[in-house]
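Listed below, chain by chain, are the residues.
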Amino acid sequence: MFTLAEVASLNDIQPTYRILKPWWDVFMDYLAVVMLMVAIFAGTMQLTKDQVVCLPVLPSPVNSKAQTPPGNVDVTTNVPKMEATTDQDQHERVTSDISFDTSAVTPDIPLRARYPHPDPTVPNQEAKKEKRDPTGRKTNLDFQQYVFINQMCYHLALPWYSKYFPYLALIHTIILMVSSNFWFKYPKTCSKVEHFVSILGKCFESPWTTKALSETACEDSEENKQRITGAQTLPKHVSTSSDEGSPSASTPMINKTGFKFSAEKPVIEVPSMTILDKKDGEQAKALFEKVRKFRAHVEDSDLIYKLYVVQTVIKTAKFIFILCYTANFVNAISFEHVCKPKVEHLTGYEVFECTHNMAYMLKKLLISYISIICVYGFICLYTLFWLFRIPLKEYSFEKVREESSFSDIPDVKNDFAFLLHMVDQYDQLYSKRFGVFLSEVSENKLREISLNHEWTFEKLRQHVSRNAQDKQELHLFMLSGVPDAVFDLTDLDVLKLELIPEAKIPAKISQMTNLQELHLCHCPAKVEQTAFSFLRDHLRCLHVKFTDVAEIPAWVYLLKNLRELYLIGNLNSENNKMIGLESLRELRHLKILNVKSNLTKVPSNITDVAPHLTKLVIHNDGTKLLVLNSLKKMMNVAELELQNCELERIPHAIFSLSNLQELDLKSNNIRTIEEIISFQHLKRLTCLKLWHNKIVTIPPSITHVKNLESLYFSNNKLESLPVAVFSLQKLRCLDVSYNNISMIPIEIGLLQNLQHLHITGNKVDLLPKQLFKCVKLRTLNLGQNCISSLPDKIGQLSQLTQLELKGNCLDRLPAQLGQCRLLKKSGLVVEDHLFDTLPLEVKEALNQDTNVPFANGI
């Protein structure tokens, strides 16, 4: 048979789960253990001691007179009493010594009463017989018949509840035990409960919880409103009390602390930041992430709550069931019973009177069991009342918010809320400390402390570099915030903040007097008022990269002294509806606006800065730019770039920009440029970039754009260069690389001001002699063509600094390259074996230092 410890293990739970056991569950567990002990004790007694003893009812006159009504009878009414002796005391002693011992009956010896041994003075055996006969009863039953009758009457005369009470009590108790702890065992809830208890314990023990609540309590204290320094003589008035107690003595603190006092008693000023141990900080940050994921997982369902309600209802129903049927059987348990087994043909007797030796014990145990069940049931009813009295699927941290500065602690619902309600029944301090890890303010404070501890001034100084413009630049990437030490780099020119979602710019930025350029890449920075005033007056260049236009900080539109604004991000919704920027009217000094997005039309807000805008750049991601009417209002624009906008022709709105000096239509689908004649009205246009398109021919009307100095037609489909191009006497740069041009017209000699010629990646096989009349050429790129020889007249290009010949069919280089005094080996792009064909003195000249000759050539 199983032991008590084995059965009691059904009621065991992990020690860590005890925080989820309210007082009524604990009390019911103890009651269940008591009921279990009662059931096991009763079962043990029944197995070892339980028996029924029966005697036949003889059909004698005495028996008929003493016959009792059906039901329970007193066996002693059928046993004849001994005649009284002359001595009353002797009579009581003899009658008290009368007993029936069925175990002493042997076969063939009738059952009879056993008396005390007669006085030895009696003279003969006849006297003994006369002494015994009046008190005996002859039944003619042997031992086996008594055993048979006892067993028959045990099953027939006893009520079933007397026989099975211990087993029923054991089964009921086991069911109650299983029901009480089933939500800890069920797989779908066990994992959530285990995870919750684990996180809750770590949150409770985390040093960050104590620090956060302690600092919060001190910050909210009215005694901390006034400050005084040097109050070293008042240590006995120092107060560090808080809701959670003061930080331990081992906790490192910032040294820069003063004192503050009130009219009643001075207190120490709370430091603005507490240095947290790096390991503790990392553990706390991991806890914030675990709590966030657990909340998202548990708040989606209410399975734990429903399961707890169901098991409580089952226990209540079980209590009612046990009480109803058990109360009816209390009176059925009796010591005396009449048995009629219908075995007269075997024994010769019809009626037997029996006694149940365990009747009184079972009755007392049953009454005790019913009493315990009643207490258990009332507690179940109270549990149901608690479950439905308040909405347990909602939990509010309102009290914690009032007592702390963490006013952003959210309310929770469903299983998360129910678990917190259960914890409150154990100790409300658990949920209070747990709420710290639900607060974004608390998380940000932790990040700030850890960040400043890691990124010191010395470490930041090591990350400062010089950019292409020879400015001191610091790039911070994927940090939890902006370290305070950044604002101590007073000589910094450029600050780049990338992927820092909780960036805050404090008033300390005002000491960075050299800062003029700021980059915010997916970084919706928040700015204090003093910091904004500084940025408004000093910031000249701002780069903002975003995913949604709402990420652009509102203060960006108020930087009145801003000169350059670069916006990179999505400005179009899924239905191609324009997402408008806020008004740019306050940007009164904005000169350059660069927008890299997916626009379908030029934003109307750009017209707010049209009067003073000098450069507009729109880089689309391949979205077709359809509406360009807003461009007509930008009369002062000098540079316009419309790249990757899927344009098929040159927009007519451009022809109204009378001050336009540079036009870049790179990476579009332009096939024909017949409208180029309209550029003759743009008297200031000097640079035209139509590269990376699908242009097949250059119209002769280009000759009317007389002021062109730079012309870019690379990466198109040109097959020839019209003579009209060479009539542009002011042309200084011509780029026709990566086309299908097979010949350079001899009219190229007319471009006397040409300094840069790019014909790389074409099909040119012959260089005309007139090319070398362009004596101002500094760059000549002829690579990846079919040129078989380089004319000796190359030496006439005395100002040549870069010559590309790689990828042709040359077999040697002319020695006249040595006459190009400014050309050095670094500017000569050619195969090594061709370079080796040059004379030794030419190679030595090309290998010489370029500084002095180059300066003279310029």
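- Going by the annotation in an unreviewed UniProt entry, the name recorded for the protein chain is LRRC8 pannexin-like TM region domain-containing protein, with Pipistrellus nathusii given as the source organism.
- Within the UniProt record for the protein chain, the comment given under Subcellular location (unreviewed entry) is "Cell membrane".

## A short note on the overall build of the protein chain
Reasoning step 1: A count of helices and strands for the protein chain gives 22 helices and 26 strands.
Reasoning step 2: Long-range pairs, those at least 24 residues apart, make up 56% of the contacts in the protein chain with a sequence separation of at least 6.
Reasoning step 3: Accessible surface, the protein chain: about 43,000 Å² in total, of which carbon and sulfur atoms supply 53%.

## Concerning the state of the cysteines
Reasoning step 1: Under the counting rule described, the total for this entry stands at two disulfides.
Reasoning step 2: Bridging C54 to C354, the disulfide has an S-S length of 2.0 Å. Residues C54 and C354 are joined by a disulfide whose S-S torsion is about 110 degrees; by sign, that bridge is right-handed. With C54 in strand β1 (residues 52-56) and C354 in strand β5 (residues 352-356), this pair connects stretches of sequence that are 300 residues apart.
Reasoning step 3: Residue class for C354 comes out buried when judged on its relative accessible area of 1%.
Reasoning step 4: Regarding the disulfides, the protein chain carries the connectivity 1-4, 2-3 under sequence-order numbering of its bonded cysteines.
Reasoning step 5: Take C786: it sits in no disulfide, and the sulfur closest to it among the cysteines is that of C809, at 5.7 Å.
Reasoning step 6: A residue is classified by how much of its surface remains accessible, and C786, at 39% relative accessible area, is partly exposed.

## Describing the UniProt feature "transmembrane region" (unreviewed entry) in the protein chain
Reasoning step 1: Mapped onto this numbering, the UniProt entry annotates "transmembrane region" (unreviewed entry) at residues 27-47, 164-184 and 366-388.
Reasoning step 2: In residues 27-47, the share of helix is 100% and the share of strand is 0%. The end C-alpha atoms are 30 Å apart.
Reasoning step 3: Between the end C-alpha atoms of residues 366-388 there is a gap of 33 Å, over a span that is 100% helix and 0% strand.

## Comments concerning the packing of aromatic side chains
Describing an aromatic ring pair means giving the distance of the ring centres and the angle of the ring planes.
Reasoning step 1: Considering all chains together, one arrives at 30 aromatic pairs under this definition.
Reasoning step 2: Ring centres of F196 and F416 lie 6.3 Å apart, and the angle between their planes is 80 degrees; on these two criteria the pair is classed as edge-to-face. With a gap of 220 residues between them, F196 in helix α8 (residues 187-205) and F416 in helix α15 (residues 414-426) connect regions that are remote in the sequence. Here F196 matches F416 in class, with each residue buried.
Reasoning step 3: Through pairs of rings, three or more aromatic residues link up here, namely W160, Y161, F165, F321, Y325 and Y369.

## Remarks on the pattern of salt bridges
Opposite charge on two side chains allows them to pair when their charged atoms are near.
Reasoning step 1: In this structure the tally under the stated criterion is 17 salt bridges.
Reasoning step 2: K393 is the partner of D302 in a salt bridge, and the nearest nitrogen-oxygen pair spans 3.0 Å. Residue D302 is found in the loop between α10 (278-298) and α11 (303-327), and its partner K393 is found in the loop between α13 (359-389) and β6 (394-395); the two are separated by 91 residues along the sequence.
Reasoning step 3: Take K393: its relative accessible area is 31%, and that puts it in the partly exposed class.
Reasoning step 4: Here D488 and K508 are joined by a salt bridge, their closest N and O atoms 3.5 Å apart. Note that D488 is positioned in the loop between β9 (472-477) and β10 (494-498) and K508 in the loop between β11 (504-505) and β12 (517-521), a separation of 20 residues in sequence.
Reasoning step 5: Owing to a relative accessible area of 33%, D488 belongs among the partly exposed residues under this scheme.
Reasoning step 6: What emerges from the salt-bridge pattern is a single network uniting D302, K306 and K393.

## A look at the sheet that holds β5
Reasoning step 1: The three strands are arranged β1-β5-β4 in an open sheet whose pairing can be described as antiparallel. Of all strands in the sheet, those bounded by a partner on one side alone are β1 and β4 (336-339). Taking each pair of neighbouring strands and ignoring which way they run, the sheet shows an average axis angle of 25 degrees.
Reasoning step 2: Both β1 and β5 contribute to a ladder of five bridges, which runs antiparallel. From the neighbouring strand, V53 faces β5, where its bridge partner is T355.
Reasoning step 3: Contacting β1, β4 and β5, helix α6 (residues 143-156) runs over the sheet at an angle of about 115 degrees to β1.

## A word on the packing of helix α7 (residues 160-185) against α8
Reasoning step 1: Packing of α7 against α8 leaves a shortest axis separation of 6 Å and a crossing angle of 70 degrees. In terms of orientation, α7 and α8 fall into the roughly perpendicular class. The residues of α8 that touch α7, namely those facing W183, F184 and K185, are P187, T189, C190 and V193.
Reasoning step 2: Tallied by class, residues from the contact of α7 with α8 come to five nonpolar, one polar and one charged.

## Comments concerning the packing of α7 against α13
Reasoning step 1: For the pair α7 and α13, the least separation of the axes is 11 Å and the interaxial angle reads 25 degrees. In terms of axis orientation, α7 runs roughly parallel to α13. As for the relative orientation of α7 and α13, their crossing is left-handed in sense. In contact with Y161, S162, F165, A169, H172, T173, L176 and S180 of α7, α13 contributes L362, L365, L366, Y369, I373 and Y376.
Reasoning step 2: Of the residues that constitute the contact of α7 with α13, the class distribution is ten nonpolar, four polar and no charged.

## So, the side chain of E299
Reasoning step 1: Locating E299 in the fold gives a position in the loop between α10 and α11.
Reasoning step 2: For E299, a relative accessible area of 12% corresponds to the buried category.
Reasoning step 3: Within the structure, the side chain of E299 is placed 3.0 Å from the backbone nitrogen of K413, a separation counted as a polar contact.
Reasoning step 4: Those residues in contact with E299 that lie beyond four places of it in its chain are D411, V412, K413, N414 and F416.

## Notes on the environment of L628
Reasoning step 1: Relative to the helices and strands, L628 is located in the loop between β17 (615-620) and β18 (639-643).
Reasoning step 2: What makes L628 buried here is its relative accessible area of 9%.
Reasoning step 3: Linking L628 and P651, residues 23 residues apart in sequence, is a C-alpha distance of 7.5 Å.

## A few points about the pairing of β18
Reasoning step 1: With four of five residues buried, β18 is to be regarded as a mostly interior element.
Reasoning step 2: Of the pairings in the sheet, the one linking β17 to β18 comprises five bridges and is parallel in character. Bridging across to β18, H619 finds its partner in Q643.
Reasoning step 3: Here β18 pairs with strand β19 (residues 662-664) via three bridges, running parallel. The residue bridging E639 from the neighbouring strand is E662, located in β19.

## Side note on the pairing of β17
Two faces make up the sheet, and in a regular strand the side chains alternate between them.
Reasoning step 1: Across six bridges, the pairing between strand β16 (residues 592-597) and β17 is parallel. Within the sheet, the bridge partner assigned to S597 lies in β17 and is N620.

## Remarks on unusual backbone geometry
Reasoning step 1: Unusually for a residue other than glycine, E646 sits at a positive phi of about 60 degrees.
Reasoning step 2: Residue position: E646 is located in the loop between β18 and β19.
Reasoning step 3: E646 sits in the partly exposed class, given a relative accessible area of 25%.
Reasoning step 4: For S667, which is not glycine, the phi torsion reads 60 degrees and is therefore positive.
Reasoning step 5: Locating S667 in the fold gives a position in the loop between β19 and β20 (687-689).
Reasoning step 6: A relative accessible area of 26% means that S667 is categorised as partly exposed.

## Some points on a nonpolar patch on the surface
Reasoning step 1: A surface patch of nonpolar side chains, amounting to about 690 Å² of accessible area, comprises W23, V26, F27, Y30, V375, Y382 and F385.
Reasoning step 2: Broken down by secondary-structure element, the contributors of at least two residues to the nonpolar patch are α2 (23-49) and α13.
Reasoning step 3: It is α2 that provides the largest number of residues to the nonpolar patch, a total of four residues.
Reasoning step 4: Inspection of the secondary structure puts Y30 in helix α2.

Thresholds, definitions, all that
Residues numbered from 1 in each chain as written. Predicted model: local features only at pLDDT ≥ 70, side-chain atom pairs only at ≥ 80, totals over all residues. Heavy atoms only, no water. UniProt positions renumbered as here; feature names shortened; annotations may be inferred. Helix = DSSP H or I, 4+ residues; strand = E, 2+ residues; numbered from the N terminus. Contact = heavy atoms within 4.5 Å. Areas by Shrake-Rupley, 256 points an atom, 1.4 Å probe, with all protein chains shown as cover. Disulfide = S-S within 2.5 Å. Buried < 20%, exposed > 50% of the residue type's maximum accessible area, 1.4 Å probe, protein only. Phe/Tyr/Trp six-rings, centres within 6.5 Å; stacked < 30°, edge-to-face > 60°. Salt bridge = Lys/Arg side-chain N within 4 Å of Asp/Glu carboxyl O. Pairing = 2+ DSSP bridges. Axes fitted to C-alpha atoms, helices over the stretch in contact; angles between N-to-C directions. Parallel < 35°, antiparallel > 145°, perpendicular 65-115°, else oblique. Nonpolar A, V, L, I, M, F, W, Y, C, P; charged D, E, K, R; others polar. Left-handed = near helix turned anticlockwise from the far one by under 90°. Polar contact = N/O pair within 3.5 Å; in protein donor to acceptor, adjacent residues only side chain to side chain. Patch = residues over 30% accessible without salt bridge, like charges linked within 9 Å, V, L, I, M, F, W, Y side chains within 5 Å.

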